[in-house]
Structure formats: C-alpha cells, structure tokens
Amino acid sequence: MIIAGLMSGTSADGVDVVLVEESNGDFTLVSHHFHPYNNTLREMILDAMNVDKSNVSLICQLNFLLGEEFTRAVQEIVEKTGLKPDLVASHGQTIFHIPRPEPSQGWNVKSTLQIGEASVIAEKIGVPVVSDFRVRDVAAGGEGAPLVPFADYILFRNYGKSVSIHNIGGISNLTYIPRNAHKEDVIAFDTGPGNVLIDILVRKFYGLEYDRDGEIAARGKIHFEVVDELLKHPYFSAPPPKSTGRELFNEEFLKGIELTAEDFVATVTFFTAKTIEISYRKLILPYGLEEILVAGGGAYNRTLMGWIKKLLPEIAIYTFEEKGLNSKAREPMAFAILGFYAFKGEPNNLPQVTGAKHPVVMGKVSLP
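Residues numbered from 1 in each chain as written. Predicted model: local features only at pLDDT ≥ 70, side-chain atom pairs only at ≥ 80, totals over all residues. Heavy atoms only, no water.

**Considerations on unusual backbone geometry**
Our working rule: Where helices and strands are cited, they refer to DSSP runs of H or I of at least four residues and of E of at least two residues respectively, numbered from the N terminus. When a residue's accessible area, from a 1.4 Å probe over protein chains only, is under 20% of the maximum for its type it is buried; when over 50% it is exposed; and in between it is partly exposed.
Here the amide bond leading from Ala 145 into Pro 146 is cis, since omega sits at -15°, within 30 degrees of zero. Checked against the element boundaries, Pro 146 lands in the loop between α4 (134-139) and α5 (148-156). Pro 240 connects to Pro 241 through a cis peptide bond whose omega is 0°. Although it is not a glycine, Ala 12 sits at a positive phi angle of roughly 55°. Assignment of secondary structure puts Ala 12 in the loop between β1 (2-8) and β2 (14-23). Taking relative accessible area as the criterion, Ala 12 reaches 0% and is therefore assigned buried.

Shown next, in the form of structure tokens:
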C-alpha cells in the first residue's frame, strides 16, 4: 500500500507531505515534498489561532481553504513521483488545543480542534482519507497528544540502543524508546516551546520567518535572570502525560520582557535549550539514555543545537540527517503510519503517553 501523510504544524508555514510504502507492517519513505503557504493564508491561520482575532466565519472558510491546500500538496507529490496513493492520512492544522482544563484561562473542557476538510481531499484525490486523529484520544480521557510516539515506536523499536527521538518544531517533544522496548515502555511528552517563541521574535524584530542557522541568537547576549523567570512556569515542573501548543507559548508568554532584539532572541533560544535539558535530566536520564536523534526545523538552528549539546554533554546527540534520515519527513510519515493502522481498525495511541484510559483507534475515515 502507498500512503500519503500530511502534516501542518504550529509554525503554520506550509504542509509537509510524504509517500510511504507499507509492506508486511514495515514502512519505507518513498518521497517527501514541502508545500509552502502564501503569506495571506499563513496570516489567516495565525489569526484563527489567536483568541483576539479568531471568529467563526474565519475558521469555517479556513477549514475548506486548507482542504484545498492539502489536496494541492498531494497532487504535487503525485506529479513529482508518478505514484498515486491508496490512502491519505491528514493531521490537519491545529487551531486550538486544550489538553487540561484551566478555568483561569476560560478553558473549562479538555478539547482540541484541527481543521482542513478531509472530504475535499477525498473528493479530489479519489481515495479514502483518514483525518482528525486527536479527538478520539481526548474522548477516552487523553490529551490527544503527543501522537507521533506510536509511529516512533514502530520505526525505532529495533534500533539497538536506548534512544530518544526529539522533534523541535513549533513545539518541542520527545519519544524515549529503551532497548528491546514494548509499547508500554515508551515515554513521550512535549518539553515546551521549540521554534515558536524564537519565530515570534524574529518575525517581530526582523520581518523574517525564522532565525536561519541561529545566526541572530549567536550574536546576542543571554540574560540568565530572564531564563530563570520563564522557567518558573508550572508547565515545566508538571509530570507527564503533558502536551502544549501556541495557546500557551505565544506573544503573551513573553509580555513584559524588555531586551534588545538580538539579546531577546538569544535569551529565548537558550531558554528553549534549557527546557529540553531539564526534561531529560528529570524524566529520561534516570532510565538510561544512549542517543538523541533530533528532527524538525530546530535541528537546523546551529546555535540552539550547540547549546543543547553543551547542556547535555554526556549524551550523543545527532540530527536525523547525520544518521541518513529525513527530519522533515518524520511527522508526516508518522501520520501515514497512524492512518494505516486506523484504516485497518487497529488501536494507534499509547495510553501511557497521552493519558487516555485505554487504547483507541484514532482517525475518521472519509470515503471517496
């Protein structure tokens, strides 16, 4: 079976699409393609995530506009490879994620919302589409995140070492897989912000989408007193299962901090590295860890990666590319795998990771 996997993350800069071949339960990456969003669409997505700018009309229209955009991404990889998928698995675009009720924020019900109408994809590609994965886990008492660890386990259970698959996208998360692991042995959670706060600052001060190679951060001075203050947020001391997103780590999180542009970027980049280090020291290293494999856009931020390595000198840390893997394909490939299991009607969550009461089949099927 050929499966197309789609992932549009917190950065909202475009959608990654892969073609994955499944054979006897093994999954092989065939091709990866990135479809960027134009500035207008990206602004619409970011506005939809912002409680002060979002509205029902915007979300309603964006749901179908993203369905069209996801369809184009699939069509582009089909044209690139000449291969038509038998199944499409679409994560969708997260608009809001409330993993835990927080009445002080007006969040009274655990809930999550991803948009990007799957019926549009099914209509235009002409194959079944699996989408809206997170809600079934939430219905079973889970946080609906993180979901990728199930696929990490499938792909890395025979790695031969105790390994952590670490993704630094908009949000930073890890999947710890010990040697000879069973599903129940996997530990996974969101460590906190990845690129999201860095991108907010770079966009605000420089009009750029991201800090290429971490060049801006490298020029700035780290204000450690600011880092210490930011680390007091209760998310970082909370035990797993836990997940988060832009609804928590956003412009408001940085409100009241007054630094020069370069120092601000440097300080927030180091803060991001520090949250990752703390997560490993408190929650993973006691179990034994030999390697960390880093995927996502943050793997290309040399300054961020350099600080993570300095903070965790005893652990071998590699990017996916250094191991011959494709870091940008990791998450869409994961949803291709999740979609395959859902289409077969087999459970595809890890309850100890998400907090769900029991295993469930995540994903809704839209038939052509």
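**Some words on the packing of aromatic side chains**
Each pair of aromatic rings is reported with the distance of its centres and the angle of its planes. Filter applied, for reference: When the centres of two rings from Phe, Tyr and Trp lie within 6.5 Å, Trp using its six-membered ring, the rings pair. Their planes under 30 degrees apart give stacked, over 60 give edge-to-face, and anything left gives tilted. By definition here, charges over rings are those cases where NZ of Lys or CZ of Arg is within 6 Å of the ring centre and within 35 degrees of the ring normal.
Enumeration according to the criterion identifies 18 aromatic pairs in this entry. Between Phe 150 and Tyr 341, the aromatic rings sit 5.1 Å apart at their centres with planes inclined by 85°, giving edge-to-face as the arrangement. With a gap of 191 residues between them, Phe 150 in helix α5 and Tyr 341 in helix α11 (residues 330-344) connect regions that are remote in the sequence. Note on accessibility: Phe 150 and Tyr 341 belong to one class, buried. Judged by centre distance (5.6 Å) and plane angle (85°), the rings of Phe 236 and Phe 271 are edge-to-face. Here Phe 236, found in the loop between α8 (224-230) and α9 (261-283), pairs with Phe 271, found in helix α9; they are 35 residues apart in sequence, far enough to count as distant. The class of Phe 236 is buried, set by a relative accessible area of 9%. The buried category is assigned to Phe 271, whose relative accessible area is 0%. A network of ring pairs unites the aromatic residues Tyr 235, Phe 236, Phe 249, Phe 253 and Phe 271 as a single cluster. Seen from the ring of Tyr 318, Lys 323 lies directly overhead, with NZ or CZ sitting 4.4 Å from the centre.

**Concerning the pattern of salt bridges**
As a reminder of what qualifies: A carboxyl oxygen of Asp or Glu within 4 Å of a side-chain nitrogen of Lys or Arg is what we treat as a salt bridge.
The final tally for this structure, using the stated rule, is 19 salt bridges. The salt bridge partner of Asp 132 is Lys 364, with a shortest N-O separation of 2.8 Å. Separated by 232 residues along the polypeptide, Asp 132 in the loop between β6 (129-131) and α4 and Lys 364 in strand β12 (residues 364-366) bring together distant segments of the chain. A salt bridge links Lys 323 to Glu 291; its shortest N-O distance comes to 3.6 Å.

**Focus: the packing of α9 against helix α10 (residues 302-311)**
The description of two packed helices rests on the angle between their axes and on the distance between the axes. We count it as follows: Interaxial angles span 0 to 180 degrees and are taken between N-to-C directions of axes, which are lines fitted to C-alpha atoms, for helices over the stretch in contact. By the definition adopted for this analysis, an angle is roughly parallel if under 35 degrees, roughly antiparallel if over 145, roughly perpendicular if from 65 to 115, and oblique otherwise. Left-handed describes a crossing whose near helix is turned anticlockwise from the far helix by less than a right angle; the clockwise case is right-handed. Two residues form a contact once any of their heavy atoms are found within 4.5 Å. As a working rule, the residues Ala, Val, Leu, Ile, Met, Phe, Trp, Tyr, Cys and Pro are called nonpolar, Asp, Glu, Lys and Arg charged, and the rest polar, with Gly in that last group.
It is at 9 Å that the axes of α9 and α10 come closest, and there the two elements cross at 40°. Considering their axes alone, α9 and α10 lie oblique with respect to each other. Relative to α10, the crossing made by α9 is right-handed. For the pair α9 and α10, the contacting residues are Ala 266, Thr 269, Phe 270, Thr 272, Ala 273, Lys 274, Ile 276, Glu 277 and Arg 281 in the first and Leu 304, Trp 307, Ile 308 and Leu 311 in the second. Residue composition of the contact of α9 with α10, by class: eight nonpolar, two polar and three charged.

**Quick look at the sheet that holds strand β9 (residues 187-193)**
Note the following rule: In this analysis, strands are considered paired if DSSP registers two or more bridges between them.
Spatial strand order, β9-β8-β7-β10-β11: five strands in an open sheet with mixed pairing. Among the strands making up the open sheet, the edge pair consists of β9 and β11 (316-319). Between one strand axis and the next, the sheet turns by 20° as a mean value, whatever way the strands run. Both strand β7 (residues 163-168) and strand β8 (residues 171-177) contribute to a ladder of six bridges, which runs antiparallel. Across the sheet, the residue bridging to His 166 is Leu 174, located in β8. Packing against the sheet, α10 makes contact with β7, β10 (291-295) and β11, and its axis sits at approximately 165° to β11.

**What to know about empty space enclosed by the protein**
Operational definition: Cavities and pockets are found on a 1 Å grid laid over the protein atoms alone: a cavity is a set of points where a 1.4 Å probe fits but cannot escape, a pocket is an open set with protein on both sides within 12 Å along at least five of seven lines, and a lining residue has an atom within 4 Å of such a point. Grid points are joined across faces, edges and corners, and a volume is the space filled by probe spheres set on the points.
Across all of its chains, the model carries three cavities of 30 Å³ or more by this definition. Counted as a void, the largest cavity has a volume near 40 Å³. In terms of lining, the largest cavity is formed by Pro 99, Arg 100, Glu 102, Trp 107, Ser 243, Thr 244, Glu 247 and Leu 248. Classifying every residue of the lining of the largest cavity by side-chain character gives three nonpolar, two polar and three charged.

**Focus: the side chain of Thr 112**
Put simply, the test is: A 3.5 Å cut-off defines polar contacts: any pair of N or O atoms within that distance qualifies, except that in protein one atom must be a possible hydrogen donor and the other a possible acceptor, and neighbouring residues in sequence count only when both atoms are side-chain atoms.
Topologically, Thr 112 is positioned in strand β5 (residues 111-115). A distance of 2.9 Å separates polar atoms of two side chains, one belonging to Thr 112 and the other to His 97. A polar contact is formed between the side chain of Thr 112 and the side chain of Gln 114, at a distance of 2.8 Å.

**So, helix α1 (residues 39-49)**
We count it as follows: Directions from the helix axis toward the C-beta atoms define the arc.
What α1 keeps buried is the set Leu 41, Arg 42, Ile 45, Leu 46, Ala 48 and Met 49. Projection of α1 onto a plane perpendicular to its axis shows the buried side chains occupying an angular sector of 160°, all on one side. Residues of α1 that are exposed and angled more than 90 degrees away from the buried face: Asn 39 and Thr 40. Turning to α1, the residues buried within the fold contact α2 (56-81), β4 (87-98) and α6 (196-206). Capping the start of α1 is the job of one residue whose side-chain oxygen sits 3.1 Å from the backbone nitrogen of Thr 40: Asn 38.

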